[in-house]
Amino acid sequence: MNHRQRNCVRDQGQQRVTGIGCSGRSGAHQSAFTLVEVLLVLAILAAIASMVIPNLLNRQKTANVDATRINITATEQALKMYAIDHAGVYPDVRHAIDSLMQAPPQDYHWNGPYLERAPTDAWGHNLRCREASGSGKLQVFSAGPDARAETEDDIFRDKTGR
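Thresholds, definitions, all that
Residues numbered from 1 in each chain as written. Predicted model: local features only at pLDDT ≥ 70, side-chain atom pairs only at ≥ 80, totals over all residues. Heavy atoms only, no water. Helix = DSSP H or I, 4+ residues; strand = E, 2+ residues; numbered from the N terminus. Buried < 20%, exposed > 50% of the residue type's maximum accessible area, 1.4 Å probe, protein only. Contact = heavy atoms within 4.5 Å. Phe/Tyr/Trp six-rings, centres within 6.5 Å; stacked < 30°, edge-to-face > 60°. Expected span 1.5 Å × (residues − 1). Bend = angle between axes of the 7 residues up to and from the residue. Pairing = 2+ DSSP bridges.

Participant: Help me understand the side chain of Ser142, please; the structure alone is not making it clear to me.
Facilitator: Within the secondary structure layout, Ser142 lies in the segment after strand 4 (138-141). With relative accessibility at 0%, the residue Ser142 sits in the buried group. For Ser142, the residues in contact, after removing those within four places along its chain, are Thr68, Ile72, Asp121, Trp123, Leu127, Asp154 and Ile155.

Participant: Even after reading the chapter, I still don't get the packing of aromatic side chains, so can you show me in this structure?
Facilitator: Note on aromatic pairs: each is described by the distance of the centres and the angle between the planes. Under the criterion given, the structure shown has three aromatic pairs. The interplanar angle of 70 degrees and the centroid separation of 5.7 Å between the aromatic rings of Tyr82 and Tyr114 together place this pair among those described as edge-to-face. Of this pair, Tyr82 sits in helix 2 (residues 35-85) while Tyr114 is found in the loop between helix 3 (96-101) and strand 3 (128-131), placing the two residues 32 residues apart along the sequence. The class for Tyr114 is buried, based on a relative accessible area of 16%.

Participant: Looking at this structure, how should I read helix 2?
Facilitator: Along an α-helix, a turn takes 3.6 residues, which lines up residues three or four apart on a common side. End to end, helix 2 covers 74 Å across 51 residues, agreeing with the expected 75 Å (1.5 Å per residue, within 8%). Of all the bends in helix 2, the greatest, near 25 degrees, is centred on Ala49. Buried within helix 2 are the following residues: Asn64, Val65, Thr68, Arg69, Ile72, Thr75, Glu76, Ala78, Leu79, Tyr82 and Ala83. Those residues of helix 2 that are buried are in contact with helix 3, strand 3 and strand 4. Within two residues after helix 2, Ala87 carries a phi angle of roughly 55 degrees, on the positive side.

Participant: Help me out: how do you make sense of the pairing of strand 3 in this one?
Facilitator: In regular strands, side chains alternate between the two faces of the sheet. In the sheet, strand 3 pairs with strand 4 via four bridges, with the strands oriented antiparallel. In the strand pairing of strand 4, Arg130 is matched with Gln139. Where strand 3 folds back on strand 4, the antiparallel hairpin that results is connected by six residues, among which Gly134 adopts a positive phi of roughly 65 degrees.

In structure tokens, the structure reads:
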């Protein structure tokens, strides 16, 4: 007779079970979790996940934007190097990125490649160029996660869009 069996009192006539740790079940089932205990643990895990996951997703978004800004800055530096080699003149906006990787036809001032490959943002989309407001310089930007330019998720070197 084990310890649990000694603490249990069974009334032969009514199958009544009394005592600490007595369930009337065989020993194999006495250590199992009840449905309520399992649901309680799941509820606690869900509460913890609901607090942690949004923070992780926000950090990933911030990291993607920061990585994209670094790529934008590097591309703008390559454009400045191009302009230095071309007496301050930037490449044509339609072919600006391509001009950084290979020489345009009959360009005798080209000292590149200024970039090894086409620059991309953190979502794998190619960076884009546009003319900066009347300065003759080019502005590099990312169309953001939606890959559509001129939307509110566009990313520039700084947060003001300059």
